[in-house]
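Given next are the chains, with one letter for each unit.
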There are 2 protein chains.
Amino acid sequence: MTNVNDEFKENEEVVMETPDNTDDIIESGEDTEEIEIVENGEETIVQELTEKLQEEENKRLRLLADYENFKRRATLDKEALQKYRAQNVVTNLIPVLDNFARALTVEATTEEAQTMMTGLDMIYRTFLQALEDEGLVEIQALDQEFDPNFHQAIMTGSDEDKPAGIVLEQMQAGYMLKDRVLRPAMVKVNE
Amino acid sequence: MTNVNDEFKENEEVVMETPDNTDDIIESGEDTEEIEIVENGEETIVQELTEKLQEEENKRLRLLADYENFKRRATLDKEALQKYRAQNVVTNLIPVLDNFARALTVEATTEEAQTMMTGLDMIYRTFLQALEDEGLVEIQALDQEFDPNFHQAIMTGSDEDKPAGIVLEQMQAGYMLKDRVLRPAMVKVNE
């Protein structure tokens, strides 16, 4: 499986090609015509065999084209599977990111609680790093132009100092895995 | 790609089979022998064509066997890829589990800190659940018989009340993804 990439370029459609040995078949055909004194049965056999040979070769070439297309598709499938392999688990971990985000907004008053918050923040950073290493990207929302591909508008607001269609506030963070949106950011948009 | 599973049973080796139309070839061969009055050239052509036909068919059958073996392997590869798809990210998240485990051993004295610990525990449970849904399993170690496949002995102890080779203490939790060990448990073993 490892050398499939080398053998087939991406997006290259494999089509049935004219084989190099077509000439052989044609020559054989010509040979039968050259011999003038032939038994009828003999001629039929030669013709039948020539036809069968061509048929057989066409079958093989169709099979080869199928095979190569299959290999090409298998490579692309495998690449996609590899690229988004973490999609399921990362999607299921988004609520954990939400929980962290909520917990980290709590204001600690005692020194004990502050130490705990520092610990929590450290765990969060390690967690986020591991997900980012796998391709997690937080969607940019605040002050960006509203884009329905990445943002979900759940409220509108009015701020005369900013252009219309600008994200005024982010209610919930959105995330992508590489180029795939796992969850859009929930936002408030300027009217 | 979806119907590959139906077409090929797992572990089924595809071998070159005698084709149904072998009879046709043999019949053709017999026909040429039946005709007694033949030109030498004709006979040669018929023989050559018959040989080429057989050769061509063999080529196609070898190709078919290759193709079916490739399909079978591709299916198995895909299944393995699917099964352990989360291995990389889950492995990278094990230190986060360790951090949680350490943080949760801290004893909270103030009410504020206790509330935080409850929050931390909730985040930990959600986190662990998402990983378990993906196939994460904590390795059983304490009081188990030491097994080098799952446990890494870093200390020995002596407890006369317990049999030799029993895990007395777990220093660090071990984890598996389904049936694959991601990290063995670090343990203290009874001499």
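What counts, and where the lines are drawn
- Residues numbered from 1 in each chain as written.
- Chains lettered and ligands numbered in written order.
- Predicted model: local features only at pLDDT ≥ 70, side-chain atom pairs only at ≥ 80, totals over all residues.
- Heavy atoms only, no water.
- UniProt positions renumbered as here; feature names shortened; annotations may be inferred.
- Helix = DSSP H or I, 4+ residues; strand = E, 2+ residues; numbered from the N terminus.
- Buried < 20%, exposed > 50% of the residue type's maximum accessible area, 1.4 Å probe, protein only.
- Contact = heavy atoms within 4.5 Å.
- Axes fitted to C-alpha atoms, helices over the stretch in contact; angles between N-to-C directions.
- Parallel < 35°, antiparallel > 145°, perpendicular 65-115°, else oblique.
- Nonpolar A, V, L, I, M, F, W, Y, C, P; charged D, E, K, R; others polar.

For chain A, the name recorded in an unreviewed UniProt entry is Protein GrpE, with Sporosarcina psychrophila as its organism. In UniProt, chain A has this text filed under Subunit (unreviewed entry): "Homodimer." Reading the Sequence similarities (unreviewed entry) entry of the UniProt record for chain A gives the comment "Belongs to the GrpE family."

Peer 1: Please clarify how the overall build of chain A should be interpreted in this entry.
Peer 2: When its secondary structure is counted, chain A shows five helices and six strands. Ordered by position from the N terminus, the helices and strands of chain A form the series α-α-α-α-α-β-β-β-β-β-β. Expressed as a percentage of the 191 residues in chain A, the buried residues total 38%. Sequence separation of 24 or more characterises 67% of the internal contacts of chain A that already satisfy a separation of 6 or more.

Peer 1: Help me understand the packing of helix α5 (residues 111-133) of chain A against helix α4 (residues 87-103) of chain B in this model?
Peer 2: Packed helices, taken two at a time, are described by their axes: the angle between them and the distance between them. It is at 9 Å that the axes of α5 of chain A and α4 of chain B come closest, and there the two elements cross at 175°. Of the possible angle classes, the one that applies to α5 of chain A and α4 of chain B is roughly antiparallel. Residues M122, I123, T126, F127, A130 and L131 of chain A of α5 of chain A form the contact with α4 of chain B, whose own contacting residues are V89, N92, L93, V96, N99, F100 and A103 of chain B. Among the residues forming the contact of α5 of chain A with α4 of chain B, the class breakdown is ten nonpolar, three polar and no charged.

Peer 1: Looking at this model, I keep getting lost on unusual backbone geometry. Mind explaining?
Peer 2: Most peptide bonds take the trans configuration, and most residues that are not glycine carry a negative phi. Of note in this structure, K178 of chain A is not a glycine but carries a positive phi near 55°. Tracing the backbone shows K178 of chain A in the loop between β4 (175-177) and β5 (180-183). For D143 of chain B, which is not glycine, the phi torsion reads 70° and is therefore positive. On the secondary structure map, D143 of chain B appears in the loop between β1 (136-138) and β2 (151-157). Looking at D143 of chain B, the relative accessible area reads 45%, which means it is partly exposed.

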